[in-house]
Amino acid sequence: MKISVNTEIAITYLSSRKKQTLVAALGVMFGVSMFIFMQSLMKGTNDYFEKMSFNTTPHIRLYSENKVADAHMLGNYLKDSSVKILTNPKQLVQRQGIINPYGIIQQISKNPQVANITPQVTAGVIYTSSGVQLTGTVSGVNIVQEDRMFDVQGNMVTGDLHDLDRINNSILIGHGIAEKLSLHVGDNITVTSGNGSPMIMKVIGIYASGVKQIDETKSYANIVQAQNLLGKDRSYVTDIKINLKDYNNAPEVAREFEAITGYKAEDWVQANSQLKVAFKIRAMILNSVVGVILLVAGFGIYNILNMTIYEKIKEIAILKATGFSGRSVISIFLQQAIYIGMAGAAIGIMLGFLITLGFSHVYIGSGGSGSPTPFGSLQYIPMSFYVPHYIEAIVFGILTTIAAGYFPARKASRVDPVTIIRG
């Protein structure tokens, strides 16, 4: 394959300064490899923590929200009155739970974006065993639907979660509860709610979600048992949990469900707002670091091409004197920058992949001494092998080198051959 004169000259200039060319390519390689590594780490950890949050948090949670009384609630009664009626607004006493929950579930289920939906009864309780007490919450659920939404089975340490439907007054407790109260499968535990009488329940299983706060406070019971614990009837439901086919649509769909039902619809973004802010801050930090690395690599290329221009200034003048246009000179030096960028990017993506692969096998452990290893726990550094990151790295690496090479190339194209040759 025949190459152009401009390309041949560019390659000659690069080969005549092998060490400087190698240093510039290594700068690009380092920038590209670090870009891939940091993006892989950021996406891997973000995906892991999102997955962990979805192990316990639905895409949308529908519940009855307490409201503070204000003058707007009196409507037309205050239109013609100057009397200040509300001086110390308080929480309104509202009916606990959701009215007609199963009718709402049937209505919401018709939405094509809904993947799973299940009712829940949440009760604040006190666990008691051998005189030791611990506060927490019991979630009354349909365990089959709950497992379908949150993969409870995948977090089981011991026991059979389906025993919640087979054994009366049974309970599935978190690993933290079991550890603090010294409980095992088959033991009895006394559960007391604020609205009902104490109930002796049998431990049928222990789970470990990997989230310490949840494992030390939350337990599961059959929804009917939770209603009995609170002294409520079979229509009593405190929450409706909804998973969508695409969780990214949760904020918009939640607002739609609020308008339809009149109840508060909290989407997963609201429920994990601090986590999302942390993701954004971390992304800004990592991208800034990568940007600085690529900027340093760009300055390296800029300096090398500048030095080449100073050293080859007479040769550039001769080229222009023999008929090479300013555009041809720009092409010669831009090609040098591009070749450096391509070589550095090619090696960089391979190095970035190897670094990412190596870190994905770094064991960081989970749990304390003697504690079980839950299936959802973090054992290795979570890394992502997301192909678009490699494409972005190549593009950013080459664009950086082009930007760094353009200004020296433009400077070379403006050389006056007559002035240089005369000296």
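Residues numbered from 1 in each chain as written. Predicted model: local features only at pLDDT ≥ 70, side-chain atom pairs only at ≥ 80, totals over all residues. Heavy atoms only, no water.

A. Geometry of the overall build of the chain. Looking only at helices and strands, the chain features 15 helices and ten strands. The 423 residues of the chain split such that 45% are buried. Taking the contacts inside the chain whose residues are at least 6 apart along the sequence as the reference set, 76% of them involve residues at least 24 apart. Of the roughly 22,200 Å² of accessible surface on the chain, a fraction of 59% belongs to carbon and sulfur atoms. (Helix = DSSP H or I, 4+ residues; strand = E, 2+ residues; numbered from the N terminus. Buried < 20%, exposed > 50% of the residue type's maximum accessible area, 1.4 Å probe, protein only. Contact = heavy atoms within 4.5 Å. Areas by Shrake-Rupley, 256 points an atom, 1.4 Å probe, with all protein chains shown as cover.)

B. How the structure looks around the pattern of salt bridges. Taken as a whole and assessed by the stated rule, the structure comprises ten salt bridges. Between Glu266 and Arg61 there is a salt bridge, with its nearest N and O atoms 3.7 Å apart. With Glu266 in strand S10 (residues 264-267) and Arg61 in strand S1 (residues 60-63), this residue pair connects regions lying 205 residues apart in the sequence. Measuring nitrogen to oxygen at the nearest pair gives 3.0 Å for the salt bridge that ties Asp163 to Arg166. One end of the pair, Asp163, and the other, Arg166, are both in helix H5 (residues 163-166), three residues apart, so they sit about a helical turn from each other. (Salt bridge = Lys/Arg side-chain N within 4 Å of Asp/Glu carboxyl O.)

C. Structural context of the pairing of strand S7 (residues 199-207). Judged by how many residues are buried, S7 sits mostly within the fold: seven of nine residues are covered. Summarising the sheet, strand S5 (residues 170-174) and S7 pair through five bridges and their orientation is parallel. Residue pairing for S7: Leu172 is matched across the bridge by Gly205. Both strand S6 (residues 188-193) and S7 contribute to a ladder of four bridges, which runs antiparallel. Looking at the pairing, Ile189 lines up with Met201 of S7. (Pairing = 2+ DSSP bridges.)

D. View of helix H9 (residues 250-261). Compared with the 16 Å implied by 1.5 Å per residue over twelve residues, the 16 Å span of H9 between its first and last C-alpha is a close match. In the core, the buried residues of H9 are packed alongside S1, helix H3 (101-108), strand S2 (114-129), strand S9 (239-244), S10 and helix H10 (268-271). Immediately downstream of H9, the backbone of Gly262 shows phi near 85 degrees, a positive value. (Expected span 1.5 Å × (residues − 1).)

E. The arrangement of the environment of His162 in detail. Along the chain, His162 turns up in the loop between strand S4 (156-159) and H5. For His162, a relative accessible area of 28% gives the class partly exposed. Between the C-alpha atoms of His162 and Ile143, which are 19 residues apart in sequence, the distance is 6.9 Å.

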